[in-house]
Number of protein chains: 2
Amino acid sequence: MDVMGRSKNPPAQGSKTPDAPTDGTAVGSDFLQLDIGQAPPGGRIAWLADQLRSAVADGRLPVGARLPASRVLAQELHVTRGVVTEAYRRLAESGQIAGRGRLGTVVVAAPAAPRTPARDTTPAGAGSGPAPEASFFASADREGAVDALRALPCRIDLSPGVPDLAAFPRTAWLRAERAVLAGVGPADFGYGDPRGAPALRRAVVGWLARNRGIRADPDEVVVVAGVAQALGLLGKLLRTDGIGRIAVEDPGSLGARQQLEYGGHEIVPVPVDTGGLDVGVLRASGARAVLLTPAHQFPTGVVLDGERRRDLLSWAADGGVVIEDDYDAEHRYDRPPVPALRSLMPEGVCYAGSVSKLLAPALRVGWLLVPPDRLDAAVTAKRYADLGNGVLTQLVLARLMDSGELERHLRHVRRRHRRRRDVMLRAIEEHLPGAQVHGAAAGLHLMVTFGDRGPRDVDLAAAALERGVKAHPLSWHRISPGPPGLVLGYAAGPAHEIEEGVAVLGTALRGLRPRQR
Amino acid sequence: MDVMGRSKNPPAQGSKTPDAPTDGTAVGSDFLQLDIGQAPPGGRIAWLADQLRSAVADGRLPVGARLPASRVLAQELHVTRGVVTEAYRRLAESGQIAGRGRLGTVVVAAPAAPRTPARDTTPAGAGSGPAPEASFFASADREGAVDALRALPCRIDLSPGVPDLAAFPRTAWLRAERAVLAGVGPADFGYGDPRGAPALRRAVVGWLARNRGIRADPDEVVVVAGVAQALGLLGKLLRTDGIGRIAVEDPGSLGARQQLEYGGHEIVPVPVDTGGLDVGVLRASGARAVLLTPAHQFPTGVVLDGERRRDLLSWAADGGVVIEDDYDAEHRYDRPPVPALRSLMPEGVCYAGSVSKLLAPALRVGWLLVPPDRLDAAVTAKRYADLGNGVLTQLVLARLMDSGELERHLRHVRRRHRRRRDVMLRAIEEHLPGAQVHGAAAGLHLMVTFGDRGPRDVDLAAAALERGVKAHPLSWHRISPGPPGLVLGYAAGPAHEIEEGVAVLGTALRGLRPRQR
């Protein structure tokens, strides 16, 4: 069967008839898909006014929508400009549209018929009743709990995982963007290499060499949309290899665990103690892959110690797949830097990092390094995920990395983070005198525990949220049971909010009776 | 077992000893993870110089890498600034580093030992032999063929699917970015709603209402990283629903088909004729989902006609899932606009669009609308894919859409595209006199066929590439066999390249003998 489409179009001859629109659009308007052929002869103005009125009434043109310039619409419809201006005038008379000077003609009247009621604007699972807090924290494992908590309003947010966002280097970013826009060629705006822009891959290699002890070639770097995407791509690779069980730290990130489960993986919890992940338990579990945060464990803040590192790398040498989430290694205050596992064993470690904690999570840029034998598969997975990251953000980041601007920014926010960490420690001493603090030597958060007799941490988080303060209950990030606690971010907000937030936690805690054993 | 980390840190007291570094980093340097504790007493300068030399030699500090300011490094290492400046001086003397004024101190010497040879920089499958063209086109179905072709060098690129990228509105973009950076709050830089920035979802709703006849609520819009990601997310949803077979147009996009196959779907080819997809064949196939391009079929350019639309929507009403890829509907020249299927049946049509053809593919921004009963699942899939698109690009786009800038840009490039289309049509008439042209009334490309006696189109594409001209062989986009042809993009390049490129195709065609039947 022949698949041929319409017959050959005659080439345009370059000659113009007086009626030919100058923008080359021969028939009809994209705006509302108006088809002037439907207008009755001699009734074009009334027809056009009707079309506009019904678009305003049914919400296709909501209040604030801008109408095309009369000249433009007239060209597209092959009518005189007077037809359009007269139709516009009729709607203006009935109060539905109005001229707004340089803004043009905009819709000003609410539609005659009420629209269908707006959908709930909170994400699925966020709850919408009058007092959602208590019920909210009770069901920690439901899809998107972290997102849903994020969407709830609050006065003071002590959620972990966010750097000082007020310090985002807006001026440097705009300057770099201007240079990027002045320098890129047209081809840079096309479909690019799914691994990412070469300039950013080179910059990431320099960053990792300088700051994380990692040697890599730019062709080994896959730019990804944050560690979350890296984890999704790796999950896909492992499933293809028949690896369906992945070991994770317990306690460990709820979000990462949910993501792996969504991808169809079975989760194997491995306990974390003061030396980090218990590699003996990992070995005994039979899991062939493990996800961990060796430089600064989430949420406990412990560092994987030297002996465990050696054990883990020997497990990797025996064929285990190590996924290193290097999520906030650059933020440290009272301890020496810890090199990445990847720097010790490139052929056994998949490494993921991002700018989420360096600059801002909302940029959604990270990087993935995999062992050489998995590189082609990782590039293919990224290609079919989204064809690669957006190029402008990549090129701006590359400039900030190459110019030293990002390192300067990091030094700047580290000073601020450290001061805020100290404020939180003092506030905890004052308002939560019985609490034990963990993992405050580095990172953007700390963990407090209350001992086995403390109240349920979901009740504490709910009581705090009722008072306008958001924090993560530690049990969210646990798989096996353990003492209750909270995971408290201190990097994002100013000192007075940290002080007040912790004071509210103290009030909430005193309002809850100790648990019956 | 208790999971507790290190013991509680004493809060800093605010008092400073003279030696305390002002940036709060107590021990060691992130730069190269230098640990001054390893330096022998009295030998700190020599130790530091050695560390730097070996980092230059092993490539951790490549030529062009910038060293930290001596003041900064001295602070981090708890040494006097003189230690660092002297170590720097020694490397400068041996010619490995040099001061570069405002750029600071940079590495200037190649490493002493040669690095491991750089990896091949072309993506997997691009081939690397001296004359890759012929072998390249022979194996059309291999992973990433489109990407690999893209990465090959050429003089003139007539690949389809790219708008006029030289027209990218850089000034308007930068202006909008400045306004965005001035207006966003710190919270906007944090983790956001996985559905995308509310401002962009509102702007997309307005765009779709004005230009595609679609009514939607902003809460129904999921911002995605282009149509490719939309397709990946939908594939995941369908698999979850037990739908493993997806019908596609034949001919149809090779990239989309490969993506669905990568996601584990079985492809069911459905022929396309002058009325578009043959809905009778679709119905008979038993497939429960179909991906199609109804407004401008890729690659034939046909429009799904009225009867087929009604048939297809009736098939959807019987439970079929329609995936509408509205990839370049806004580009049309000699025909009326075609409303989206989604505008006729929101409850039965999944709709995907993007700015790839409106502005630039490299932005990687698109939108997905699904029927209401699939919305939660789509948001969850997007959440676990990457937690949402990057925010700055979204907010800039929202401004360009709201201000009318994007519509102005579209009118501007449509004029240019139409002229280029006309140039290509004339060139084909002159240089490819036997060719039939299809689908030139709209879009960014056209299709030519040569009849059953023409040469193999992969041979023609290879011969053209040998002469520096890139084009897609039609057979790449076919599943069942059919007449040979080429898919030729005319939007991206200037007129003289189009003329020369088509002339080269004519030369290449005359150099190939007709096939033996």
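Chemist: Is there a simple way to explain the environment of Gly390(B) in this structure?
Modeler: The residue Gly390(B) is located in the loop between helix 13 (375-386) and helix 14 (391-402) in this model. Gly390(B) sits 97 residues away from Val487(B) along the chain, and the two C-alpha atoms are 33 Å apart. The residues touching Gly390(B), leaving out its near neighbours within four places in the chain, are Ala362(A), Leu363(A) and Arg364(A).

Chemist: In this structure, what is going on with the interface of chain B and chain A? I would like to understand it.
Modeler: Size of an interface: often given as the accessible area lost when the parts come together. Taken together, the 144 residues of chain B in the interface contact 145 residues of chain A. Contact between chain B and chain A buries roughly 12300 Å² in total, counting both sides, with carbon and sulfur atoms accounting for 55%. Note that Asp30(B) and Arg332(A) form a salt bridge whose closest N and O atoms lie 3.1 Å from each other. Remark: the boundary between chain B and chain A carries 32 residue pairs in polar contact (both at pLDDT 80 or more). Take the side of chain B that touches chain A: its biggest share by element is nine residues, from helix 13 of chain B. Here the residues of the side of chain B that touches chain A sort into 60 nonpolar, 36 polar and 48 charged.

Chemist: Which parts of the structure should I look at to understand the relation of the copies chain B and chain A?
Modeler: Think of it as a corkscrew move, a rotation about one axis and a shift along it, taking one chain copy to the other. Rotating chain B by 180 degrees about the axis while translating it 0.0 Å along that axis superimposes it on chain A, leaving an RMSD of 0.1 Å. Viewed as a symmetry operation, the transformation between the two copies matches a two-fold axis. Mapped onto chain A, 100% of the interface residues of chain B again fall at the interface, so both copies present the same surface.

Chemist: Explanation requested: the pairing of strand 8 (residues 289-292) of chain A in the structure shown.
Modeler: Residues in a regular strand point their side chains to alternate faces of the sheet. All names here are of chain A. Burial of strand 8 is two-sided: the residues Ala 289 and Leu 291 facing one way and the residues Val 290 and Leu 292 facing the other way are all buried. Both strand 5 (residues 245-250) and strand 8 contribute to a ladder of two bridges, which runs parallel. Of the residues in strand 8, the one forming a bridge with Ala 247 is Val 290. Of the strand pairs in this sheet, strand 8 and strand 9 (residues 321-325) are connected by four bridges, and their pairing is parallel. Paired with Leu 291 across the bridge in strand 9 is Ile 323. Regarding topology, helix 11 (residues 306-317) serves as the crossover connection from strand 8 to the parallel strand 9, and that connection is right-handed.

Chemist: What am I meant to see in the nonpolar core here?
Modeler: Here is a general trend for soluble globular proteins: nonpolar side chains tend to be buried in one another's company. With 92 residues, the main nonpolar core has Trp173(A) and Trp173(B) as its most contacted residues. Discounting chain neighbours no more than four positions away, the residues touching Trp173(A) are Phe168(A), Leu359(A), Leu363(A), Thr393(A), Val396(A), Leu397(A), Leu400(A), Glu177(B), Leu181(B) and Leu392(B). Counting 31 residues, the second-largest nonpolar core is a separate cluster that includes Leu432(A), Val437(A), Leu444(A) and Val504(A).

Chemist: Just to check I follow, could you spell out helix 16 (residues 457-466) of chain B for this structure?
Modeler: An α-helix turns once per 3.6 residues; consequently, residues spaced three or four apart project the same way. Residues and elements named next belong to chain B. The element helix 16 is largely enclosed, with a buried count of eight among its 10 residues. By the burial criterion, the buried members of helix 16 are Asp 457, Val 458, Leu 460, Ala 461, Ala 462, Ala 463, Ala 464 and Leu 465. Downstream of helix 16 by one or two residues, Gly 468 has phi in the positive range, about 90 degrees.

Chemist: Got a minute to help me understand the packing of helix 7 (residues 198-212) of chain B against helix 14 of chain B in this structure?
Modeler: Residues and elements named next belong to chain B. Closest axis-to-axis distance for the helix 7/helix 14 pair is 8 Å, and the angle between their directions is 35 degrees. Judged by the twist between their axes, the crossing of helix 7 over helix 14 is left-handed. Taken together, the residues of helix 14 that come into contact with helix 7 (itself represented by Ala 199, Leu 200, Ala 203, Val 204, Trp 207 and Arg 210) are Gln 394, Leu 395, Leu 397, Ala 398, Met 401 and Asp 402. A per-class count over the contact of helix 7 with helix 14 returns nine nonpolar, one polar and two charged.

Chemist: Looking at this structure, I do not really get the packing of aromatic side chains. What am I missing?
Modeler: Ring pairs (aromatic) are described by centroid distance and by the angle formed between their planes. All chains considered together, the criterion is met by eight aromatic pairs over all chains. Relative to Trp173(B), the ring of Phe168(B) has its centre 5.5 Å away and its plane inclined at 45 degrees; by these criteria the two rings are tilted. Trp173(B) matches Phe168(B) in its accessibility class, with the two residues each being buried. A connected cluster of aromatic rings, assembled from ring pairs, spans Phe168(A), Trp173(A) and Phe189(B). Directly above the aromatic system of Tyr262(B) lies the positively charged group of Lys236(A), at a separation of 4.5 Å from the ring centroid.

Chemist: Where do I start with helix 2 (residues 70-77) of chain A in this structure?
Modeler: In terms of residue burial, helix 2 of chain A counts as a mostly covered element, since six of its eight residues are buried. Burial in helix 2 of chain A covers these residues: Ser70(A), Val72(A), Leu73(A), Ala74(A), Glu76(A) and Leu77(A). Considering only its buried residues, helix 2 of chain A is in contact with helix 1 (44-57) and helix 3 (81-93) of chain A together with helix 15 (405-431) of chain B. Once helix 2 of chain A finishes, His78(A) follows within two positions and takes phi at roughly 60 degrees, a positive value.

Chemist: Would you explain a positive patch on the surface in this entry?
Modeler: On the surface, Arg71(A), Arg81(A), Arg415(B) and Arg419(B) cluster together into a positively charged patch. For Arg419(B), the location among the structural elements is in helix 15. Under the relative-accessibility criterion, Arg419(B) is labelled exposed at 52%.

Chemist: Quick question: what am I supposed to make of the sheet that holds strand 7 (residues 276-277) of chain A here?
Modeler: Sheets are built from strands paired through backbone hydrogen bonds, the pairs being either parallel or antiparallel. Residue and element names in this part refer to chain A. The eight strands lie next to each other as 4-11-10-9-8-5-6-7, forming an open sheet whose pairing is mixed. The two strands at the open ends of the sheet, each matched to only one other strand, are strand 4 (221-224) and strand 7. Across the sheet, helix 8 (residues 226-240) lies against strand 4, strand 5, strand 8, strand 9, strand 10 (349-354) and strand 11 (366-369), angled at about 155 degrees from strand 10, the strand it touches most.

Chemist: Can you help me understand unusual backbone geometry in this one?
Modeler: Negative phi values dominate among residues other than glycine, just as trans dominates among peptide bonds. Each neighbour pair has its own omega, and for Asp250(A) with Pro251(A) the value is 0 degrees, a cis peptide bond. Within the secondary structure, Pro251(A) is located in the loop between strand 5 and helix 9 (254-262). For the peptide bond that leads from Phe298(A) to Pro299(A), omega is 5 degrees, which places it in the cis range. Mapped onto the elements of the fold, Pro299(A) is located in the loop between strand 8 and helix 11. The residue Leu32(B) is not glycine, and still its phi comes out positive at about 60 degrees. For Leu32(B), the location among the structural elements is in the segment before helix 1 (44-57). Despite not being glycine, Arg364(B) shows a phi value in the positive range, around 50 degrees.

Chemist: Looking at this structure, how should I read the environment of Ala179(A)?
Modeler: You can see Ala179(A) is positioned in helix 6 (residues 170-183). A sequence separation of 216 residues divides Ala179(A) from Leu395(A), and the C-alpha atoms of the two residues are 9.6 Å apart.

Chemist: Just to check I follow, could you spell out the sheet that holds strand 13 (residues 445-449) of chain A for this structure?
Modeler: Residue and element names in this part refer to chain A. The antiparallel open sheet is built from four strands, whose spatial order is 12-13-16-15. The open sheet is flanked by strand 12 (436-438) and strand 15 (472-473), the only strands paired with a single partner. Direction of pairing for strand 13 relative to strand 16 (residues 485-489): antiparallel, over a ladder of five bridges. Looking across to strand 16, one finds that Leu 446 is bridged to Leu 488.

Chemist: Sorry, what's going on with the environment of Ser354(A) here?
Modeler: All names here are of chain A. Examined against the element boundaries, Ser 354 turns out to sit in strand 10. For the pair Ser 354 and Leu 152, spaced 202 residues apart in sequence, the C-alpha to C-alpha distance is 26 Å. Residues contacting Ser 354, with those up to four places away along its chain left out, are Gly 226, Val 227, Val 365, Gly 366 and Trp 367. Within polar-contact distance, the side chain of Ser 354 engages the backbone nitrogen of Ser 356 at 3.0 Å.

Chemist: Got a minute to help me understand the packing of helix 1 of chain B against helix 3 (residues 81-93) of chain B in this structure?
Modeler: Helix packing geometry: the angle between the two helix axes and the distance between the axes. Residues and elements named next belong to chain B. Their axes nearest at 9 Å, the elements helix 1 and helix 3 cross at an angle of 50 degrees. The angle between the axes of helix 1 and helix 3 places the two elements in the oblique class. Crossing of helix 1 over helix 3 shows right-handed handedness. Listed contacts from helix 3 to Arg 44, Ile 45, Ala 46, Leu 48, Ala 49, Leu 52, Arg 53 and Val 56 of helix 1 are Val 83, Val 84, Glu 86, Ala 87, Tyr 88, Arg 90 and Leu 91. Grouping the constituent residues of the contact of helix 1 with helix 3 by class yields 11 nonpolar, no polar and four charged.

Definitions and limits used
Residues numbered from 1 in each chain as written. Chains lettered and ligands numbered in written order. Predicted model: local features only at pLDDT ≥ 70, side-chain atom pairs only at ≥ 80, totals over all residues. Heavy atoms only, no water. Helix = DSSP H or I, 4+ residues; strand = E, 2+ residues; numbered from the N terminus. Contact = heavy atoms within 4.5 Å. Buried area = accessible area lost by both parts, 1.4 Å probe. Salt bridge = Lys/Arg side-chain N within 4 Å of Asp/Glu carboxyl O. Polar contact = N/O pair within 3.5 Å; in protein donor to acceptor, adjacent residues only side chain to side chain. Nonpolar A, V, L, I, M, F, W, Y, C, P; charged D, E, K, R; others polar. Least-squares fit on C-alpha atoms with pLDDT ≥ 70 in both. Buried < 20%, exposed > 50% of the residue type's maximum accessible area, 1.4 Å probe, protein only. Pairing = 2+ DSSP bridges. Right-handed = clockwise from strand over helix to strand, strands pointing away. Core = buried A, V, L, I, M, F, W, Y, C linked by side-chain atoms within 4.5 Å. Axes fitted to C-alpha atoms, helices over the stretch in contact; angles between N-to-C directions. Left-handed = near helix turned anticlockwise from the far one by under 90°. Phe/Tyr/Trp six-rings, centres within 6.5 Å; stacked < 30°, edge-to-face > 60°. Lys NZ or Arg CZ within 6 Å of the ring centre and 35° of its normal. Patch = residues over 30% accessible without salt bridge, like charges linked within 9 Å, V, L, I, M, F, W, Y side chains within 5 Å. Areas by Shrake-Rupley, 256 points an atom, 1.4 Å probe, with all protein chains shown as cover. Lys, Arg positive; Asp, Glu negative; His and termini not counted. Charge placed at Lys NZ, Arg CZ, Asp CG, Glu CD. Parallel < 35°, antiparallel > 145°, perpendicular 65-115°, else oblique.

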